[in-house]
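If you want the building blocks of each chain, they are given just below.
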Amino acid sequence: MKNLVSLLLVSVLVLSGGLAFAADKSDAKHTKSSLVVERVNINKADAATLAANLIRVGDSRAKAIVEYRKQHGKFTSKEQLLEVKGIGESTLKQNLDRIVL
């Protein structure tokens, strides 16, 4: 009976197009963001915009980007993001096509 209920639930999700709701929130973000590339100006965007448009950048990393910008001035290169705590090579690489200065 439990398997039948699970099968019905999956069927309803697939047929209704709601499968993304069954996935992890971050997976849905990555799936959506890989379809439509949103560019974000890291020198002008607020933390909410950064978190919404950059892969693997949540609220705390986005706030760290904004704080770094306040303390050090505008970013002069995309690679300068590596100086922000929590931003590593992998995160930078995933976002290179999304970042503008």
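What you see is a predicted model, and the numbers here were worked out from it, not measured in a lab.

**Q** Explanation requested: the overall build of the protein chain in the structure shown.
**A** Helix and strand counts for the protein chain come out as 6 helices and 2 strands. Along its sequence from the N terminus, the protein chain presents helices and strands in the succession α-α-α-β-α-α-α-β. Burial statistics for the protein chain: of 101 residues in total, 28% are counted as buried. Long-range pairs, those at least 24 residues apart, make up 48% of the contacts in the protein chain with a sequence separation of at least 6. For the protein chain, the accessible surface area stands at approximately 7000 Å², while carbon and sulfur atoms represent 59% of it.

**Q** Even after reading the chapter, I still don't get unusual backbone geometry, so can you show me in this structure?
**A** Phi is mostly negative for residues that are not glycine, and the peptide bonds are mostly trans. Here the phi dihedral of R56 falls at roughly 60°; this positive angle occurs in a residue that is not glycine. Relative to the helices and strands, R56 is located in the loop between α4 (47-53) and α5 (59-72).

**Q** Hey, could you run me through the confidence of the model for the protein chain in this one?
**A** Residue-level pLDDT values for the protein chain average 79, and 64% of them are 70 or greater. Contacts for the low-pLDDT stretch residues 4-10, under 50 throughout, to residues beyond four places or in other chains number 0 contacts.

**Q** Whenever I open this one, the nonpolar core confuses me. Can you help?
**A** Soluble, globular proteins show a tendency: their nonpolar side chains are buried together. One finds L50, L54, I65, F75, L81 and V84 to be the most contacted residues of the largest nonpolar core, which totals 17 residues. Elements that contribute at least two residues to this core include exactly α4 and α5. In terms of residue count, α5 provides more of this core than any other element does, 4 residues in total.

**Q** Honestly, the environment of R69 in this entry has me stumped. Any pointers?
**A** In this fold, R69 is placed in helix α5. A distance of 3.0 Å separates a polar atom in the side chain of R69 from the backbone oxygen of A45.

**Q** I would appreciate a short explanation of the side chain of N43 in the present structure.
**A** One can find N43 in the loop between β1 (40-41) and α4. Once residues lying within four places of it in the same chain are set aside, the contact partners of N43 are R69, K74, F75 and L101.

**Q** Can you walk me through the environment of E89 in this structure?
**A** With respect to the helices and strands, the residue E89 is situated in helix α6 (residues 89-95). Judged by its relative accessible area of 59%, E89 is exposed. Along the primary structure E89 and E79 are separated by 10 residues, whereas in three dimensions their C-alpha atoms are 8.8 Å apart.

About the criteria used
- Residues numbered from 1 in each chain as written.
- Predicted model: local features only at pLDDT ≥ 70, side-chain atom pairs only at ≥ 80, totals over all residues.
- Heavy atoms only, no water.
- Helix = DSSP H or I, 4+ residues; strand = E, 2+ residues; numbered from the N terminus.
- Buried < 20%, exposed > 50% of the residue type's maximum accessible area, 1.4 Å probe, protein only.
- Contact = heavy atoms within 4.5 Å.
- Areas by Shrake-Rupley, 256 points an atom, 1.4 Å probe, with all protein chains shown as cover.
- pLDDT = per-residue confidence, 0-100.
- Core = buried A, V, L, I, M, F, W, Y, C linked by side-chain atoms within 4.5 Å.
- Polar contact = N/O pair within 3.5 Å; in protein donor to acceptor, adjacent residues only side chain to side chain.

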